[in-house]
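In case you want the letters, here they are:
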Amino acid sequence: MKKLSYGRQWVNDDDIAEVVRVLHGDWLTMGPTVEAFEKKLAEYVGMKYAITFSSGTSALHGAMNAAGLHEGDYAVTTALTFVATSNSVLYTGAVPLFADIDPDTLCLDVKKAEALAKKYPGKIKAIVPVSFAGYPLDIKSYRKIANENNAVLIEDASHALSRDRAEFADMMTLSFHPVKHITTAEGGAVLTNKDEYAEKLLRFRNHGTQQKEMIELGYNYRLSEIHCALGLSQMNRLDEFIARRRELAALYLEQLSGVENIKLPPSDKKHVWHIFALQVENNLRDGLAEYLRNNGINPMTHYKPVPLQPYYREKFGYNSGDFPEAEKYYAQEISLPLYPLLENNDVKRVTECIKNFMIKERI
Ligand SMILES: *Cc1c(COP(=O)(O)O)cnc(C)c1O
């Protein structure tokens, strides 16, 4: 039986040929392929600059630095995200503040974020929403909070590389981890329309140097020519990847509609479906996960609310019950296999498996 995991890359012979071509060439790092990949990313998303980084996490660190975060500052973000979103705030010496999710979008609740920011007048330097699962979040609603606080708006778009945005954050970060929309193995980028941020990002990823002088403490966060060759080649198929993810998500939605104990994810025509995440009601999530695993299907859980991670609990004193919506979601969530190489029959196998489990539970 074919094993199915929740996500995986699609690297083809063209991608491999491009990587090999770079390996035979003059530059393995800091050469023309980095620039070509950055240009293609910026054009695709529709922003002026794309600056690549060694990972999505270092891209976030770069964005927080460019936003000017320091010790004594705060950034507001969502409780439901990968730890890298708020860890990048901590790297600068600033402190992340978490607001709960809006259960209708699974993204940072605008009203709760606004109320939280009000408690720290003059101290909020960044508002950091996450387009969870690929949901097209309403940038305008967060822009208002950023303006009220004179803060920088940074979208963690690790789940949502797309060309569909009408409105942009001040900076938008991407990840090219193998489960994301395109991969460079490890890698990330920050996109921006502002010259000032682009200059700071370039400097920060290259030891804080500018015209051979070190201006600030930076890092080596560069992405190599080899990684960028893979990314550049993957960009040729990004529209196809997204179209296929949308087809598969539509098939899941159709096959699972009306199934007992299942709550389907929020859907939207601009959704780019990084993950297909269900909620399983009546305490059946763990049982279903085990049943799927016994049938060769490996689901995943996204995410334990970050403030309830042991490190954050200990450092900041967060407790169970502080983020009721995110906690409820986490207790019920299961991510099903979703990636462009998945076949329609694979989706049917997964949904049949879910239906069989629910029938078994009824008796
Ligand atoms: C993948 C991801 C990142 C970055 O992860 P890297 O593995 O460092 O590329 C950041 N935030 C979110 C929400 C992610 O899913």
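Since the model is a prediction, treat every value here as computed from it, not as a measurement. (Residues numbered from 1 in each chain as written. Predicted model: local features only at pLDDT ≥ 70, side-chain atom pairs only at ≥ 80, totals over all residues. Heavy atoms only, no water.)

### Examining the nonpolar core
Among the nonpolar cores identified, the biggest contains 39 residues, and Val 76, Leu 80, Ile 127 and Phe 132 are the most heavily contacted of them. If you list the elements that add at least two residues to this core, you get strand S4 (95–99), helix H5 (110–118), strand S5 (124–128), helix H6 (139–149) and helix H12 (324–332). The biggest single contributor to this core is H6, with four residues. By size, the runner-up hydrophobic cluster in this structure holds 29 residues, among which are Leu 253, Trp 273, Val 280 and Leu 284. (Core = buried A, V, L, I, M, F, W, Y, C linked by side-chain atoms within 4.5 Å. Buried < 20%, exposed > 50% of the residue type's maximum accessible area, 1.4 Å probe, protein only. Helix = DSSP H or I, 4+ residues; strand = E, 2+ residues; numbered from the N terminus.)

### Focus: the sheet that holds strand S8 (residues 188–192)
The seven strands are arranged S2-S8-S7-S6-S5-S3-S4 in an open sheet whose pairing can be described as mixed. Each edge of the open sheet carries a strand with a single partner, namely strand S2 (49–53) and S4. On average, each strand axis in the sheet is tilted by 25° relative to the strand beside it, whichever way the strands run. As paired elements, strand S3 (residues 74–78) and S4 share five bridges and run parallel to each other. Residue Ala 75 lies in a different strand from S4, and its bridge partner there is Pro 96. Running at roughly 165° to strand S7 (residues 171–175), helix H3 (residues 56–66) makes contact with S2, S5, strand S6 (152–156), S7 and S8 of the sheet. The strands touched by H5 are S3, S4 and S5; relative to S4, the strand with the most contacts, the crossing angle is about 140°. (Pairing = 2+ DSSP bridges. Axes fitted to C-alpha atoms, helices over the stretch in contact; angles between N-to-C directions. Contact = heavy atoms within 4.5 Å.)

### Some thoughts on the pattern of salt bridges
Evaluation of the coordinates by the stated rule reveals 23 salt bridges. Residues Lys 2 and Glu 343 are paired through a salt bridge, measuring 3.9 Å at the closest nitrogen-oxygen approach. A residue pair is termed long-range when its members are at least 10 positions apart, and Lys 2 in the segment before strand S1 (4–5) and Glu 343 in the loop between strand S14 (333–336) and helix H13 (344–362) qualify at 341 residues. Across the pair Glu 361 and Lys 360 runs a salt bridge, and its minimum N-O distance is 3.9 Å. When its relative accessible area of 34% is taken as the criterion, Glu 361 is described as partly exposed. (Salt bridge = Lys/Arg side-chain N within 4 Å of Asp/Glu carboxyl O.)

### What to know about the sheet that holds strand S12 (residues 276–280)
Pairing is antiparallel across the open sheet formed by three strands, whose spatial order is S11-S12-S14. Among the strands making up the open sheet, the edge pair consists of strand S11 (262–263) and S14. As paired strands, S12 and S14 are joined by four bridges and run antiparallel to one another. From the neighbouring strand, Leu 278 faces S14, where its bridge partner is Ile 334. On top of the sheet, helix H10 (residues 285–294) reaches S12 and S14; it is set at about 25° to S14, its chief contact.

### Considering helix H1 (residues 13–23)
Given 3.6 residues per turn, any residue in an α-helix points the same way as the ones three and four places further on. Buried within H1 we find Asp 15, Val 19 and Val 22. With its buried residues spanning 60° around the axis, H1 presents them on a single face. Exposed residues on H1 whose side chains face more than 90 degrees from its buried face are Asp 13 and Asp 14. Elements in contact with the buried residues of H1: helix H2 (32–45) and helix H8 (225–235). (Arc of directions from axis to C-beta.)

### A look at unusual backbone geometry
The step from His 302 to Tyr 303 runs through a cis peptide bond, and the omega angle for that step is -20°. When you line up the elements, Tyr 303 lands in the loop between strand S13 (297–298) and helix H11 (310–316). Even without being glycine, Asn 283 reaches a positive phi, approximately 60°.

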